[in-house]
Amino acid sequence: MKIENKGQCLRISEIMELTAVNSAHFRDEVFSALHESPSLIEVNLSQTRFMDSSGLGALFALYRATGQRDGVVLRLLNPMPEIQQLLELTQMQLLFEIVRN
């Protein structure tokens, strides 16, 4: 996983899987990067091949943490079709701005 702070944008990428094995690490790393108070958070899911309920929980925790802040935009970028389907089945696509480039 790669985390970059670029001004007011926090970019998270190179997530191969988001599962029970690594979701706590994902949460810890991303939450520690939130101290910079970014106004845009982009989670690039283009390389994410698998996500389980713990991964969904980690994304929801990020949503809740940023939802308390006024004007913060949280985007999920380029989810693979399987991940997109999971987001739709759980209706989590309603919580996030999903962008395809």
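None of these values were measured; they are calculated from a predicted model.

Q: Mind laying out the side chain of T66, listing which residues take part and the relevant values?
A: By secondary structure assignment, the location of T66 is in helix α2 (residues 53-67). The buried category is assigned to T66, whose relative accessible area is 4%. Side-chain polar atoms of T66 contact the backbone oxygen of Y63, separated by 3.3 Å. Discounting residues that sit within four places of it in the chain, T66 has contacts with L34, I41, V72 and L74.

Q: Run through the sheet that holds strand β7 (residues 97-99), naming residues and quoting values.
A: The five strands lie next to each other as β1-β2-β4-β6-β7, forming an open sheet whose pairing is mixed. Since the sheet does not close on itself, it has two edges, and those belong to β1 (2-6) and β7, each with one partner. Adjacent strand axes in the sheet meet at a mean angle of 20 degrees when their direction is disregarded. Looking at chain direction, strand β6 (residues 73-77) and β7 are connected through three bridges and run parallel. Within β7, the position partnered with L76 by the bridge is I98.

Q: How would you summarise the packing of aromatic side chains if you had to cite specific residues and measurements?
A: Summed over the entire model, instances satisfying the criterion amount to two aromatic pairs. When the centroid spacing of 5.9 Å and the interplanar angle of 65 degrees are considered together, the rings of Y63 and F96 count as edge-to-face. Taken as a pair, Y63 in helix α2 and F96 in the loop between α3 (81-89) and β7 lie far apart in primary sequence, 33 residues in all. Using a relative accessible area of 29% as the deciding quantity, one classes Y63 as partly exposed. With a relative accessible area of 5%, F96 lands in the buried category. Three or more aromatic residues link up through ring pairs in this structure, and these residues are F60, Y63 and F96.

Q: With reference to specific residues and values, describe the nonpolar core.
A: Within the largest apolar cluster, 23 residues are counted, with the highest numbers of intra-cluster contacts made by I12, F26, I41, V43 and L59. Breaking this core down by element, the ones donating at least two residues are β2 (9-13), α1 (23-33), β4 (40-44), α2, β6 and α3. A total of four residues in this core trace back to one element, the largest contributor, which is α2. Beyond its immediate chain neighbours, meaning those up to four positions away, I12 contacts M1, K2, I3, F26, V30, I41, E42, V43 and N44.

What counts and what doesn't
- Residues numbered from 1 in each chain as written.
- Predicted model: local features only at pLDDT ≥ 70, side-chain atom pairs only at ≥ 80, totals over all residues.
- Heavy atoms only, no water.
- Helix = DSSP H or I, 4+ residues; strand = E, 2+ residues; numbered from the N terminus.
- Buried < 20%, exposed > 50% of the residue type's maximum accessible area, 1.4 Å probe, protein only.
- Polar contact = N/O pair within 3.5 Å; in protein donor to acceptor, adjacent residues only side chain to side chain.
- Contact = heavy atoms within 4.5 Å.
- Pairing = 2+ DSSP bridges.
- Axes fitted to C-alpha atoms, helices over the stretch in contact; angles between N-to-C directions.
- Phe/Tyr/Trp six-rings, centres within 6.5 Å; stacked < 30°, edge-to-face > 60°.
- Core = buried A, V, L, I, M, F, W, Y, C linked by side-chain atoms within 4.5 Å.

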